[in-house]
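Reading the structure
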Amino acid sequence: MTAIAIQNLTKCYGRSVGVENLDLTVAKGCIYGFLGPNGAGKTTTIRVLLGLLRPTSGGARIFDRNCWSASHVIKTDVGYMPGDVRLYPWLCCRNALSLFSAIRRLDLKAYGMELAEAFGLDPAVRVRDMSRGMRQKLGLILALAHRPKLLVLDEPTASLDPLMQQTLHSLLREFASEGSAVFLSSHTLSEVDQLCDRVAILRRGRLVEESSLDDLRKRARRIVTIRWSDSSDTQPPEVPSFLEMLERGDGRWTAALTSPVPELLRWVSKQKVEDLSISEPDLGRVFQTYYE
Amino acid sequence: MVNIGLISKAIRETWFSTTAFILAMFTFQVMLAFILPTFQKDLSHVLENLKFVQYIIAALLGTDMAETIGPEALSAMPWVHPVVLTLAWTHAIMFCTRLPAGEIDRGTADVLFALPVSRLGLYLNETIALTGSGLLLVVGGLLGGLLGASWSSAEAPIALSDLVVIAANLFGLYLAVAGLAWMVSAMADRRGRAVGVVFAIVMASFVLNTLATFSESIRRFSAFGLMNYYKPLRVLREHALPVGDLLILLGFAVTCWVIGAIVLARRDIRTV
């Protein structure tokens, strides 16, 4: 069974379009990255999934239930953290867990307090006295405390320090390994690179890319830097077709590799090269092409 | 459908203001129930010379201007005093504009509406909390009225049964305003705007019924004002439950509540 199935989803706000003809599926146990520039329609999609917005046409299903008509049933198994977490100012972590336990009719306190300890959040501090990062931690605790089968997180690490980001990444991997699906929107490409199994990229409300990270890496170009031997009688050769020159001069080439690495190595072995470096596949550049 | 967590959340958010409103209502009723009968003779003498004030009181009580302001009218005064009405209306409006307008306005709607509770469930549990709070507010006024009356030197204090009927009538008015506030809030994204609209409607209704006492042409429209169905003086004179008035107030409240529930169930919850 898929965790999320979005079919031909369109959501309009009056004349403007939030998302248009969106199709995607998220499997159980998958960490799914949802990317796109501001205003691309990521939050609109997330709000449709949570039953906050009614689709204009098409629809979305979570665990094979309609996200609009069966929203309250679905949310039993869904944990959600909005991008800009706003909580009641009188709440602290401890009484938030009590309140959410009563509303969800589950005991969230034990695991919730474990999470608070993992995130280093004082359970007695009230929201009104919390920093943005602390509020984000509390939002995450409340989203995770009932061990949901689907986590929907809108920019979950935006206000977290690097250590807490690592803690969250470990938790998300643990959730996914137990079969839960994680659907997260992010602008942090390194985070998506480290964490996600698949990604979808939205632009102006339309899906422009949907693939696994491995496929994207295969398609991503590597940056190659070649330093030629420092010999006055040696002229650099002609640029081969598999190198797209980015920078040239001072006995050095910097180029993007457009073919597999062995082809480059075969060519380099016949040249008078003093040094060669080949970068990891540049996913950032791939994402950037969709953002621009 | 009943969710203790949601009810306790509503109470946690409103207990301070509700307590303040109950205390204010209680204190004001004690004062008026004590002062008005005690100084009845002096007041009657003053009112005879101040015709305009007499008209205002008659308008508040919904009586004919030709009638004199007697002991019954003065006993009914604490229940139609603008302060008492304002306390009841303000509490109802403050409470009922919290969902969804208040939640959307302060950005907490995303967390609340992401909980596994239907929108109708949220609405229903808020209604339970409101009904309890409103009942406490009216009972506070009733107890204040009884205490004040017991301290006063009134020759013929109001019967407890009449006081209970007046309080029930006030509760009906409270629920009618609450229903209206819910309906407006269900359509709004900004709490301030929702509060403003409801206050404007309630004040217009109040002014309509007040002016209806002075003008025959306005009186034709008095059925459209909520105050037309809240007449403590009539209860004191007829010693009967105003069933028709109560049914109209409750019918209005239920109609508005249902419209609000339908709107809330169908609308988008957007960020502002």
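Since we're looking at a predicted model, the values are computed, not measured. (Residues numbered from 1 in each chain as written. Chains lettered and ligands numbered in written order. Predicted model: local features only at pLDDT ≥ 70, side-chain atom pairs only at ≥ 80, totals over all residues. Heavy atoms only, no water.)

1. Description of the packing of helix H3 (residues 93–104) of chain A against helix H4 (residues 109–119) of chain A
Residues and elements named next belong to chain A. The test is simple: To get an axis, fit a line to the C-alpha atoms, keeping to the stretch in contact for a helix; angles then go from 0 to 180 degrees between the N-to-C directions. Helix numbers and strand numbers start at the N terminus; a helix is a DSSP run of H or I with at least 4 residues, a strand a run of E with at least 2. Note on convention: near helix rotated counterclockwise from far helix by under a right angle means a left-handed crossing. Clockwise means right-handed. Pairs of residues are marked as contacts when any of their non-hydrogen atoms sit within 4.5 Å. Here the nonpolar group is Ala, Val, Leu, Ile, Met, Phe, Trp, Tyr, Cys and Pro; Asp, Glu, Lys and Arg are the charged ones; every other residue, Gly included, is treated as polar.
The contact between H3 and H4 brings their axes to 10 Å, and the two run at 150 degrees. Note that H3 runs across H4; the crossing there is right-handed. Across the interface between the two elements, Cys93, Arg94, Leu97, Ser98 and Ser101 of H3 pack against Lys109, Gly112, Met113 and Ala116 of H4. Of the residues in the contact of H3 with H4, the class split is four nonpolar, three polar and two charged.

2. A look at the sheet that holds strand E7 (residues 150–154) of chain A
All names here are of chain A. Rules: Being paired, for any two strands, means DSSP has found at least two bridges between them.
Strand order in the open sheet made by the six strands is E6-E7-E8-E3-E9-E10, with mixed pairing throughout. At either end of the open sheet lies a strand with only one pairing partner, and these are strand E6 (78–81) and strand E10 (206–212). The average angle at which neighbouring strand axes cross in this sheet is 15 degrees, direction not considered. Judged from the six bridges that link them, strand E9 (residues 198–203) and E10 form a sheet pairing that is antiparallel. Residue Ile201 lies in a different strand from E10, and its bridge partner there is Glu209.

3. Things to note about helix H13 (residues 243–266) of chain B
Note the threshold: A helix's residues, less one, multiplied by 1.5 Å, set its expected span. Three exposure classes are used, based on accessible area relative to the maximum for each residue type with a 1.4 Å probe and protein chains only: buried under 20%, partly exposed in between, and exposed over 50%.
Between its terminal C-alpha atoms H13(B) stretches 34 Å, which fits the 34 Å expected from 24 residues at 1.5 Å a residue. Residues Asp245(B), Leu246(B), Leu249(B), Ala253(B), Cys256(B), Trp257(B), Gly260(B), Ala261(B) and Leu264(B) constitute the buried set of H13(B).

4. What about the side chain of His146(A)?
Residue and element names in this part refer to chain A. Worth spelling out the cut-off: Any pair of N or O atoms that falls within 3.5 Å is considered a polar contact. Within protein, one atom must be able to donate a hydrogen and the other to accept it, and sequence-neighbouring residues count only if both atoms are side-chain atoms.
Mapped onto the elements, His146 comes out in the loop between helix H5 (132–144) and E7. According to the relative accessible area criterion, His146 is buried, its value standing at 10%. Within the structure, the side chain of His146 is placed 2.9 Å from the backbone oxygen of Val78, a separation counted as a polar contact. Ignoring anything within four residues of it in the chain, the contact list for His146 reads Thr76, Val78, Gly79, Arg104, Leu106 and Leu108.

5. With respect to the domain arrangement of chain A
All names here are of chain A. Rules: What marks off one domain from the next here is an automatic or database domain assignment. Buried area: the accessible area, evaluated with a 1.4 Å probe, that two parts lose upon being put together, summed over both parts. Salt bridge criterion: a side-chain nitrogen from Lys or Arg within 4 Å of a carboxyl oxygen from Asp or Glu.
Considered domain by domain, chain A is made up of domain 1 (2–217) and domain 2 (220–291). Taking only C-alpha atoms into account, the centre of domain 1 sits 40 Å from that of domain 2. Across the contact, 16 residues belong to domain 1 and eight residues belong to domain 2. Approximately 1,100 Å² of surface area, both sides summed, lies buried where domain 1 meets domain 2, with 69% of it carried by carbon and sulfur atoms. Taken as a group, Leu189, Leu216 and Arg217 account for 43% of the area that domain 1 buries against domain 2, more than any other trio of residues on that side. One can count zero salt bridges joining domain 1 with domain 2. Within the residue set of the side of domain 1 that touches domain 2, elements represented by two or more residues are helix H7 (189–195), E9, E10 and helix H8 (213–219). Taken together, the residues that form the side of domain 1 that touches domain 2 break down as nine nonpolar, three polar and four charged.

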